[in-house]
Amino acid sequence: MSALSDLDQRLLAALRTDGRAPITHLAERLGVSRATVTARMDALAARGVITGYTVRVREPAALGQVRAVSFIEVEGRTTDRVIRHLRGFEEIQALHTTNGGWDLVAEIVCRDLPAFDAVLRRLRGIEGVVNSETSLLLSSVLR
């Protein structure tokens, strides 16, 4: 996949801020024509950069939810097995492989602290998980 142009990056940033912004507003904000914005959005979708549009809801903390990021270290060649197990956790919103001292990074959302505690106990009880470090997300300053 080729690199994104400056215009593509600015367009994506504008869409992240307001995915429902009218094309005319985006064109004005970016200093280009409506046709250019439409063409760029179509091209980004065709390349698979834009995969869809979604609704954003109130911050999970405002809904009484607990959000966290968990860094997970796995033993030897057990990563695939641990990933298969973690896919069954409904509280895990995203799971990433990574490099460095940790093997996996999980984004967790729970209804409350007791549920969060239960998720951590389940996660740490998975055969192959040798260490984890979890941080609560207090507020989002950029999304």
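Structural data are supplied above this passage.
Residues numbered from 1 in each chain as written. Predicted model: local features only at pLDDT ≥ 70, side-chain atom pairs only at ≥ 80, totals over all residues. Heavy atoms only, no water.

Student: Hey, could you run me through a nonpolar patch on the surface in this one?
Tutor: A cluster of nonpolar side chains, contributed by Leu113, Leu136 and Leu138, occupies part of the molecular surface with about 340 Å² of accessible area. Mapped onto the secondary structure, Leu138 falls in the segment after strand 4 (129-136). (Patch = residues over 30% accessible without salt bridge, like charges linked within 9 Å, V, L, I, M, F, W, Y side chains within 5 Å. Areas by Shrake-Rupley, 256 points an atom, 1.4 Å probe, with all protein chains shown as cover. Salt bridge = Lys/Arg side-chain N within 4 Å of Asp/Glu carboxyl O. Helix = DSSP H or I, 4+ residues; strand = E, 2+ residues; numbered from the N terminus.)

Student: Just checking my understanding: could you explain the pattern of salt bridges for this structure?
Tutor: When charged atoms on two side chains of opposite charge get close, those side chains can pair. Per the stated rule, a full pass over the model turns up six salt bridges. For Arg81, the salt bridge is made with Glu127, and the minimal N-O distance between the two is 3.9 Å. Of the two residues, Arg81 sits in helix 4 (residues 79-86) while Glu127 sits in the loop between helix 5 (113-124) and strand 4, which places them 46 residues apart along the sequence. Note that Arg121 and Asp117 form a salt bridge whose closest N and O atoms lie 3.1 Å from each other. In this pair, Arg121 and Asp117 are both assigned in helix 5, four residues apart and thus about one turn of the helix distant. Given a relative accessible area of 41%, Asp117 falls into the partly exposed group. (Buried < 20%, exposed > 50% of the residue type's maximum accessible area, 1.4 Å probe, protein only.)

Student: How do you make sense of the nonpolar core when you look at a structure like this?
Tutor: Soluble, globular proteins show a tendency: their nonpolar side chains are buried together. Core analysis: the largest hydrophobic core is formed by 20 residues, its most contacted members being Ile72, Val82, Leu86, Phe89, Leu104, Ile108 and Phe116. Mapped by element, the contributors of at least two residues to this core are strand 1 (66-74), helix 4, strand 3 (104-110) and helix 5. A per-element tally of this core places helix 5 first, with five residues. Filtering out sequence-adjacent residues up to four positions away, Phe89 remains in contact with Val119, Arg122, Leu123 and Ile126. Ala14, Leu30, Val37 and Met41 belong to the second-largest nonpolar core, a separate cluster that totals 13 residues. (Core = buried A, V, L, I, M, F, W, Y, C linked by side-chain atoms within 4.5 Å. Contact = heavy atoms within 4.5 Å.)

Student: How should the packing of aromatic side chains be read in this particular structure?
Tutor: Given two aromatic rings, one states the distance between the centres and the angle between the planes to describe the pair. For the structure on display, the rule yields one aromatic pair. Summarising the aromatic geometry, the rings of Phe71 and Trp102 are spaced 6.2 Å apart at their centres and angled 40 degrees between planes, so their arrangement reads as tilted. One end of the pair, Phe71, is in strand 1; the other, Trp102, is in the loop between strand 2 (92-97) and strand 3, and 31 residues separate them in sequence. In this structure Trp102 comes out as partly exposed when scored by relative accessible area, which is 21%. (Phe/Tyr/Trp six-rings, centres within 6.5 Å; stacked < 30°, edge-to-face > 60°.)

Student: For this particular structure, what's the right way to read the sheet that holds strand 3?
Tutor: Within a sheet, neighbouring strands are paired by backbone hydrogen bonds and run either parallel or antiparallel to one another. Read across the sheet, four strands follow the order 2-3-1-4 without closing on themselves; strand pairing throughout is antiparallel. The strands lining the two open edges of the sheet, one partner per strand, are strand 2 and strand 4. Taking each pair of neighbouring strands and ignoring which way they run, the sheet shows an average axis angle of 20 degrees. Direction of pairing for strand 1 relative to strand 3: antiparallel, over a ladder of seven bridges. What sits directly across from Arg67, in strand 3, is Val109. Strand contacts of helix 5: strand 1, strand 3 and strand 4, with the helix running at about 160 degrees to strand 4, the strand carrying the most contacts. (Pairing = 2+ DSSP bridges. Axes fitted to C-alpha atoms, helices over the stretch in contact; angles between N-to-C directions.)

Student: Got a minute to help me understand the environment of Glu127 in this structure?
Tutor: Classification of Glu127 by relative accessible area gives exposed; the value is 62%. For the pair formed by Glu127 and His85, sequence separation is 42 residues and the distance between their alpha carbons is 9.4 Å. Sequence-distant contacts of Glu127, that is, excluding residues within four places in its chain, are made with Arg81 and Val82.

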